[in-house]
Amino acid sequence: MAVAPMAVAPELLIKNLFVETYRHKGLVVAGFVLFNVVAVILGLTLAKSYVSSTTIFVEEKNIIQPLMLGAAVATDVTERSRIAKEILFGSRIMNQILEDAGWTQGSPSDVEKERLVEEIKKRTSVLNVGPKLIKVEYRDVNPQRAYLTTQKYAELFLSESVRNQSKESYEAYAFIDNQVNEYHAKLIETEQKLKELRSTNVDARPGTEAEIAGRINALQGTIERTTLEIKEAQIKQASLEKQLSGEAEVSISMTREGQNMGRIAELQTHLDILRLSYHETYPDIVRLRHQIEDLKESVTYEQQQREVAGREARESNQIHVDESLRVNPLYAQLKRELFETKTNIETLTTRLNETRHLLQSELNRARRVHAGEATLVEYTRDYEVNRDIYQDLLRRRENARVSKNLNRDQQGLTFKIHEPAALPLRPSGLGFMHFVLGGLILGTLLPVVAIIAFQQIDPRVRFPALVSERLKLPVLATVPHLISPVEIKQSSTKMKRYVVVVLLTLGFVSTVSALKYLEII
Amino acid sequence: MSKIEDALKKARSKASSLNGTPLDPEFPAPATMESPVSGTSLDLYIESQRSIARMKEFKPLSAGELAEQRIVTPGMEVDGVSNAFREVRTKIVQAARGRNCSVLVTAVTPKAGCSFVALNLAVAFSLDETKTALLMDSDLANPAFHNLHGPEDGPGLAEYLETDDLAAEKIIHPVGIHRLRLIPAGKTQNVRREHFTTVKMRHLLAEIAERYPDRYLIMDAPPILSCPEARILADACDLAILVVPYGKATEAQIRNASQAIGPKKLFGVVFNDEPSLPSGLWRKSNGQHRAV
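Model, not experiment: these values are computed from the prediction.

### Some points on the overall build of chain A
Each helix and strand in chain A was counted, giving 14 helices and 7 strands. When each of the 521 residues of chain A is scored for burial, the buried share is 19%. Considering only contacts within chain A whose residues lie at least 6 apart along the sequence, 84% involve residues at least 24 apart.

### Side note on the overall build of chain B
When you go through chain B residue by residue, the secondary structure sums to 11 helices and 7 strands. Taken across its 292 residues, chain B has 43% of its residues classed as buried. Contacts spanning at least 24 positions in sequence make up 80% of the contacts within chain B whose residues lie at least 6 apart.

### Considering the sheet that holds strand 6 (residues 415-419) of chain A
All names here are of chain A. Strand order in the open sheet formed by 4 strands is 2-3-1-6, and the pairing between neighbours is antiparallel. The open sheet has two edge strands, strand 2 (124-128) and strand 6, and neither has a second partner. The average angle at which neighbouring strand axes cross in this sheet is 25 degrees, direction not considered. The pairing of strand 2 with strand 3 (residues 133-140) spans 5 bridges and is classified as antiparallel. Its bridge partner lying in strand 3, Thr124 is registered against Tyr138. Across the sheet, helix 7 (residues 143-200) is in contact with strand 1 (50-58), strand 3 and strand 6; its angle to strand 1 comes to roughly 15 degrees.

### Side note on the confidence of the model for chain A
All names here are of chain A. Averaged over all residues, the pLDDT of chain A equals 82, while 88% of them reach at least 70. Every residue in residues 1-6 scores below 50 in pLDDT, and together they form 12 contacts with partners more than four places removed in sequence or on other chains. Throughout residues 70-75 the model reports pLDDT below 50, and contacts reaching past four residues in sequence, or to other chains, amount to 6 contacts.

### Structural notes on the sheet that holds strand 4 (residues 180-183) of chain B
The 8 strands are arranged 7(A)-7(B)-6(B)-1(B)-5(B)-2(B)-4(B)-3(B) in an open sheet whose pairing can be described as mixed. This sheet does not close on itself; its edge strands, each paired only once, are strand 7 (475-480) of chain A together with strand 3 (173-174) of chain B. Alignment of strand 2 (residues 132-137) of chain B against strand 5 (residues 215-220) of chain B, held across 6 bridges, turns out to be parallel. Within strand 5 of chain B, the residue paired with B:Ala133 across the bridge is B:Tyr216. Its contacts with the sheet put helix 4 (residues 80-96) of chain B on strand 7 of chain A together with strand 1 (101-107), strand 6 (239-245) and strand 7 (266-274) of chain B, and the angle it makes with strand 7 of chain A is roughly 160 degrees.

### Here we look at the environment of A:Ser510
Turning to its location among the elements, A:Ser510 is positioned in helix 14 (residues 485-520). Spatially, the C-alpha atom of A:Ser510 lies 9.8 Å from that of A:Val40, the residues being 470 residues apart in sequence.

### Comments concerning the confidence of the model for chain B
Residue and element names in this part refer to chain B. In the predicted model, chain B carries a mean pLDDT of 76, and the fraction of residues at 70 or more is 74%. Across chain B, element-level confidence peaks in strand 6 with a mean pLDDT of 93 and bottoms out in helix 11 (residues 278-289) with 44. Note on residues 14-39: pLDDT is under 50 here. Beyond four places in sequence and across chains, it has 40 contacts. Throughout residues 280-292 the model reports pLDDT below 50, and contacts reaching past four residues in sequence, or to other chains, amount to 17 contacts.

### A look at the packing of helix 7 of chain A against helix 11 (residues 329-408) of chain A
All names here are of chain A. Interhelical geometry of helix 7 versus helix 11 gives an angle of 155 degrees and a closest axis separation of 7 Å. One element, helix 7, and the other, helix 11, form an angle in the roughly antiparallel class. Taken as a pair, helix 7 and helix 11 cross one another with a handedness that is left-handed. Partitioning the contact of helix 7 with helix 11 into residue classes produces 17 nonpolar, 12 polar and 11 charged.

### Regarding the pairing of strand 5 of chain B
All names here are of chain B. Burial runs high along strand 5: 6 of the 6 residues are buried. Residues of strand 5 alternate between two faces, with Arg215, Leu217 and Met219 on one and Tyr216, Ile218 and Asp220 on the opposite face, all of them buried. With 5 bridges joining them, strand 1 and strand 5 adopt parallel strand pairing. Bridge assignment links Leu104 to a residue of strand 5, and that residue is Met219.

### Notes on the nonpolar core
In terms of nonpolar packing, the biggest core is built from 88 residues, with B:Val103, B:Val105, B:Leu135, B:Ile218 and B:Ile241 touching the most fellow members. If you tally residues by element for this core, the top one is helix 5 (residues 114-127) of chain B, at 11 residues. If sequence neighbours within four positions are ignored, B:Val105 has contacts with B:Cys114, B:Val117, B:Ala118, B:Leu121, B:Ile218, B:Met219, B:Asp220, B:Ala221, B:Ile241 and B:Val243. Counting residues in each nonpolar core, the second largest holds 23 residues, with A:Ala101, A:Ile134, A:Val136 and A:Tyr153 among its members.

### Quick word on the environment of A:Val126
Residues and elements named next belong to chain A. Tracing the backbone shows Val126 in strand 2. By C-beta crowding, Val126 is classed as buried, having 21 other C-beta atoms within 10 Å. Sequence separation between Val126 and Glu137 is 11 residues, and the spatial gap between their C-alpha atoms is 6.4 Å. Leave out the neighbours within four places in its chain, and Val126 touches Ser81, Ala84, Lys85, Leu88, Ile134 and Val136.

### Re the interface of chain A and chain B
How big an interface is tends to be stated in terms of accessible area lost as the parts join. Each side of the interface is counted separately: chain A has 30 residues, and chain B has 38 residues. It is strand 7 of chain A that contributes the most residues to the side of chain A that touches chain B, 6 residues altogether. When grouped by side-chain class, the residues that make up the side of chain A that touches chain B number 22 nonpolar, 4 polar and 4 charged. Sheet analysis places strand 7 of chain A next to strand 7 of chain B, joined by 4 bridges and oriented parallel. Paired with A:Thr478 across the bridge in strand 7 of chain B is B:Phe271.

### Focus on unusual backbone geometry
All names here are of chain B. The backbone of Lys111 sits at a positive phi, close to 55 degrees, despite the residue not being glycine. With respect to the helices, strands and loops of the structure, Lys111 is situated in the loop between strand 1 and helix 5. The backbone phi angle of Arg179 is positive, close to 60 degrees, even though this residue is not glycine. Inspection of the secondary structure puts Arg179 in the loop between strand 3 and strand 4.

Reading the values: rules and limits
Residues numbered from 1 in each chain as written. Chains lettered and ligands numbered in written order. Predicted model: local features only at pLDDT ≥ 70, side-chain atom pairs only at ≥ 80, totals over all residues. Helix = DSSP H or I, 4+ residues; strand = E, 2+ residues; numbered from the N terminus. Buried ≥ 20, exposed ≤ 12 C-beta atoms within 10 Å, placed from the backbone. Contact = placed C-beta atoms within 7 Å. Pairing = 2+ DSSP bridges. Axes fitted to C-alpha atoms, helices over the stretch in contact; angles between N-to-C directions. pLDDT = per-residue confidence, 0-100. Parallel < 35°, antiparallel > 145°, perpendicular 65-115°, else oblique. Left-handed = near helix turned anticlockwise from the far one by under 90°. Nonpolar A, V, L, I, M, F, W, Y, C, P; charged D, E, K, R; others polar. Core = buried A, V, L, I, M, F, W, Y, C linked by C-beta atoms within 7 Å.

Okay, here's the thing in structure tokens:
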């Protein structure tokens, strides 16, 4: 349980601080001596160093960035010092520095060289001092060496950067050139393909499709129309044939033979009626039978006459015109129309077939054109894309060529030494006097601070007020420390010793300081 | 009655002139004895004075020896140490109200200066010519007053408790300070703790209390937190004083120690060994000890 000294008045605390300091005077003196001696030793060993610095101006753009827009990412500002560090601490530059700045005088072994390089790296700091400025700082006890090393840093950094840059631009050019060639080959290939397609597919040209579609439409219209016409003609034919079947081919004129036959029939009828009422012997009947007999004879005669005439005509090759026959005119007219209709149907059928054939060929052609057109579009697209890229690359190649040439002639430098390294004349860092003063101040203050800290954290009771206030116990009396004569003697001897020790320390410090000062002069 | 009152007044005024602080019987004390004694007669007082004057004394210690033993001397008028012990004495006298009283001095931690406080408290009592003090070293494991003890080195408390036929007078020794007697711890080692609870111990305490009027028994006890004997003695005594050393005991330790003694017996705390600045040291050495 820590006792919070807040319950105690500040003046009591301060008084207690003095009391405690006096109580622990041995510790205070020991701390004082220790700090001073350590400070003097540190001041002697950690000698002042010389800092030489150089500032390098770095252009924002790198060479490939404008060439390959969007392809490369711009270098970050914060990364720049890191990159510079990478370049500077590369084995090429470090080895060069080792040689040029006079580190390799004793012809050190590889291990020693490695150690030296590590040491140089440790003493080098690379800083971003501005958006485009890199500061390289090098610290050394030897001002000449500090200057040389820093100078070499800047020189080598520049040459290395230029080398890198020209390499970079050359590589960029080579890359673009390679791409150009590649695209050129591609373009030629596509062109060739396109040519072949055109030669094999004459129809394959823009607009063919629409034309073919029009023709197909026309043909289909024709087919429809022809089919209708054929149907019409067939109906006409059917009706004509129907009419024709009802008409006699020849009409028979009333001949004598016919007249006689008619008379016979008349008389026969009359005879039949009379027979119903009379006997055969009835005069009228007899007369009638005679009359019929006569008529029959006349008919037979007539028939014989006609047959003879026909036979004679046939024998003498003469045309015999039966005077009883005569051609039917209506029949003839119908027959004619029927013929015409049949001819018409045949014509139309032929035309229909022909049109259908045409349609088929037209459809085939359309199919062919479709396939060709797809390939054509593909080839054309390839061709156009390749052509665009090729043209773009050609342009870029020219840019790259210019950049490359610029770099070759060291015209496009993006690095330059902004502030060259200078020979440091005055050492920087903490001087010997700083160390001595620091030792004196720290040696006096820190033991007291330690006592204050101890007073704060030590839970043991140092104030009688705490006992009465916090523990509610009556404090009868506060007995001060009673010093016996022996103690007085001891403490005064101790005090004298401490004074001697402090004086000796001060003497040591001042002697060393004086020596150091004289050495410097 | 008026005679007695006069005598009492006289005695008080004498005491106050010696102590430097006026006595007030109504002064509230943290722990008081059970009944105030009002019937102290003048005869009794004169008798006590006579008996005190008859006390056999050892060759007195010189001022140099006293300083060597770290004992408060009457010449240390300016010293805070002397005043502090006188203050404690006055408070005890007030609490005792004229009766003999046994005071236990124990510490929170070892090496707290408990023996120093006990001795100087006893000396403070002895400075008053009307009072005698008996210092008993009950810290048998770490006897403290062997330097003070007379040249013959007689038997002590340990011998008294271990031996059956040793009279109480035999272990009470003069030490060269007027009106101060000492019961040393004795040379016998490994005394059983149970002796403090025996009838013999109680008998010794009673006998001591009755030997002289106005006798104050100061018991130097071992640290209360580490030794059970201290608690046993705390039960046996009238008042207990807890010595808190500067910068050695934590608040928790003090609280535990006060609880171990108990609020009935705990008279108060003496804050011991408060260091002072060197200027005081030089002044002290110039003004006082150099003169010796």
